[in-house]
Amino acid sequence: MANKLHQGTLCVQAGYKAKNGQPRQMPIYQSTTFKYDTSEEMTKLFDLESDGYFYTRLQNPTNDLVASRIAALEGGVAGMLTSSGQAANFFACFNICEAGGHMISVAGIYGGTFNLFNATFKKMGIDVTFIDQSASDEELEAAFKPNTKLVFGETLSNPGVRVFDIERFAKAAHAHGVPLIVDNTFPTPIFCRPFEWGADIVTHSTTKYMDGQGVQVGGAVIDSGNFDWDAHADKFPGLTTPDPTYHGITYTKKFGKLAYITKATSQLMRDFGCIQSPQNAFYLGLGLQTLDVRVRRHNSSALKIARWLEQQPEVKWVNFPELESSAEHGLQQKYLPEGTCGVMAFCLNGDKSYVGRFMNQLKLATIETHVADCYTCILHPAMHTHRQLNDDELRAGGIDPSQLRFSVGLEDPDDIIEDIRQALQAAK
Ligand SMILES: *Cc1c(COP(=O)(O)O)cnc(C)c1O
């Protein structure tokens, strides 16, 4: 192998290597179970004594090929696919933080993840402190408790497209003996690899750019292998003490750098079963092959559109991190120098009814819940995804009640600009 292959090469080649006479494209192992010659071999699998597949609720070869492609792109040691991005964030946190535990999360994150942490984790006995990502070092420091197990943020937040200061939060987490988990959905590992800045675990909603065609929901959890669980053994007994459901194996002792993903697979996937179907994993593998090409186009089109929007009298503000006017332009230059994503936030001059009319007048951009695929789409967080939050809660999460989320697809950017131009006029 050459030293370090570029991301564009890994997109196409990582994970699956066809051997002599094997299919060129990664096969789909569309099978619930796997056959063994002897009872003893099966026993070893159930004891985690040998590697292998036995039931697709826990693991499937197609999924693992695709997960290892994403792990290669992120520079991690191991990964797993989940049925959705929600399941990925749930597994990533719950694998190390249980009832009685506490975690710190950035407040301005994806609405679904916010609900998971704020409502469902609370019911499960997990205490979550939300802080603004621009909180001072002192405020961040004050959020830690003796039972804190992890810190969570999004590289680029959905829907605000704010840039997360990964290195600062990683340092704070490590000073307290806990890992930093980063949801890297929007930039993808093409534009940012959070492990290079000290993050320990990365999650993805693969439903977005990784799939890219809007055909299937999925998620991924990738481990850097860098966090030393044994050095903080008292905080992470699930990884560092014997698991009675596998005859007393201790994950860190037996699996070393693979401990975290092995535990998530053998406990959480076994018990919750949020696995991605092999068919969906195959689609995801296809999407990954063109990821490098697609996200660069999404990003360059979005930058052109953001610069144009900024000049329009009907537009109050645009937040796109590459714009010099963006509050996080400095962080973008540090963490995402080659690009961010195709999503931006902007606000119109006008009341809610103008905003509604503008959206209804768009012909090419569609109104939909999704973001980050080949179709240009728009959504009003306050009226749609975040409608359970009142205006104060929206602002606390860094969302202006009248802001729009605009996701630039793969259409020609000049046609998208023309569509926005006619809608701004027709809505008057
Ligand atoms: C969409 C999204 C999720 C949730 O993923 P699903 O695949 O919809 O479950 C999590 N995080 C971010 C940043 C997202 O954009």
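Summarised in this report is the structure supplied together with it. Once a new chain begins, its residue numbering starts again from 1 and follows that chain's sequence as written. Side-chain atom pairs in this predicted model are given and counted only at pLDDT of 80 or more, local residue features only at pLDDT of at least 70, and totals for whole chains, interfaces and linings cover all residues. By convention in this description, side-chain values take in all heavy atoms of the structure and omit both hydrogens and water.

Turning our attention to the environment of Gly 177. Note on conventions: DSSP H or I runs of at least 4 residues are helices, E runs of at least 2 residues are strands, and numbering of each starts at the N terminus. Within the secondary structure layout, Gly 177 lies in the loop between α7 (166–175) and β5 (180–183). Along the sequence, Gly 177 and Phe 227 sit 50 residues apart, while their C-alpha atoms lie 9.1 Å from each other. By the convention used here, residues are in contact when the closest approach between their heavy atoms is within 4.5 Å. Leave out the neighbours within four places in its chain, and Gly 177 touches Phe 227, His 232, Lys 235 and Phe 236.

This part is about the packing of aromatic side chains. Aromatic pairing here means that ring centres of Phe, Tyr or Trp (its six-membered ring) are within 6.5 Å. Orientation follows from the plane angle: under 30 degrees is stacked, over 60 is edge-to-face, and everything else is tilted. This structure, assessed with the given rule, holds 21 aromatic pairs. Where Phe 90 meets Phe 94, the ring centres are 5.2 Å apart and the plane angle is 20 degrees; that geometry is what we call stacked. Of this pair, Phe 90 and Phe 94 both sit in helix α4 (residues 85–94), four residues apart, roughly one helical turn. Relative accessible area serves as the criterion here: at 12%, Phe 90 is assigned to the buried category. A residue is classified by how much of its surface remains accessible, and Phe 94, at 17% relative accessible area, is buried. An aromatic cluster is present here, built from Phe 90, Phe 91, Phe 94, Phe 117, Phe 121, Phe 152 and Phe 272 joined pairwise through their rings. Geometrically, a charge over a ring is one whose NZ (Lys) or CZ (Arg) sits within 6 Å of the ring centre while staying within 35 degrees of the ring normal. Lying across the ring of Tyr 110, Lys 208 places its NZ or CZ 5.0 Å from the centre. Summary of the burial criterion: residues with accessible area below 20% of their type's maximum are buried, those above 50% are exposed, and those between are partly exposed, where the area comes from a 1.4 Å probe applied to protein chains only.

Turning our attention to the environment of Gly 225. Secondary-structure assignment places Gly 225 in the loop between β7 (219–223) and α9 (237–240). Residue Gly 225 is classed as buried on the basis of its relative accessible area of 7%. Linking Gly 225 and Met 124, residues 101 residues apart in sequence, is a C-alpha distance of 27 Å.

With an omega of 15 degrees, the peptide bond running from Asn 158 to Pro 159 counts as cis. If you trace the backbone, Pro 159 turns up in the loop between β4 (148–154) and α7. You will see that Leu 48, though not glycine, has its phi angle at about 60 degrees, which is positive. Considering the arrangement of structural elements, one finds Leu 48 in the loop between α2 (39–46) and α3 (61–74). Within the chain, Thr 188 stands out as a residue other than glycine whose phi angle is a positive 60 degrees. Tracing the backbone shows Thr 188 in helix α8 (residues 188–191).

On to the pattern of salt bridges. When the charged atoms of two side chains lie near each other, side chains of opposite charge can form a pair. Salt bridges, as used here, are contacts in which a Lys or Arg side-chain nitrogen is within 4 Å of a carboxyl oxygen on Asp or Glu. Across all of its chains, the model carries 17 salt bridges by this definition. Residues Asp 137 and Arg 168 are paired through a salt bridge, measuring 2.7 Å at the closest nitrogen-oxygen approach. Of the two residues, Asp 137 sits in helix α6 (residues 137–143) while Arg 168 sits in helix α7, which places them 31 residues apart along the sequence. Taking relative accessible area as the criterion, Asp 137 reaches 46% and is therefore assigned partly exposed. The class of Arg 168 is partly exposed, set by a relative accessible area of 21%. Between Glu 314 and Lys 428 there is a salt bridge whose closest N-O contact spans 2.7 Å. Taken together, the residues span a long stretch of sequence, with Glu 314 in the loop between α13 (291–310) and β8 (315–319) and Lys 428 in the segment after α17 (413–426) at a distance of 114 residues. The class for Lys 428 is exposed, based on a relative accessible area of 60%. Through salt bridges that share partners, Asp 132, Arg 162 and Glu 328 make up one connected network.

The next point concerns helix α15 (residues 352–361). Inspection of α15 places Tyr 354, Val 355, Gly 356, Phe 358 and Met 359 among the buried residues, and these make up the whole buried set. Tucked into the core, α15 has its buried residues touching β9 (343–348), β10 (366–367), β11 (377–379), β12 (403–407) and α17.

Two strands qualify as a pair provided DSSP detects at least 2 bridges between them. Read across the open sheet, the five strands follow the order β8-β9-β12-β11-β10; overall the sheet is mixed. In this open sheet, the two strands that pair with only one neighbour each are β8 and β10. Across three bridges, the pairing between β11 and β12 is antiparallel. By the bridge assignment for β12, Cys 377 is matched with Ser 407. The angle between two axes is taken between their N-to-C directions and runs from 0 to 180 degrees, where each axis is a line fitted to C-alpha atoms and a helix contributes only its stretch in contact. Seen against the sheet, α13 touches β8, β9 and β12 and runs at an angle of roughly 15 degrees to β9.

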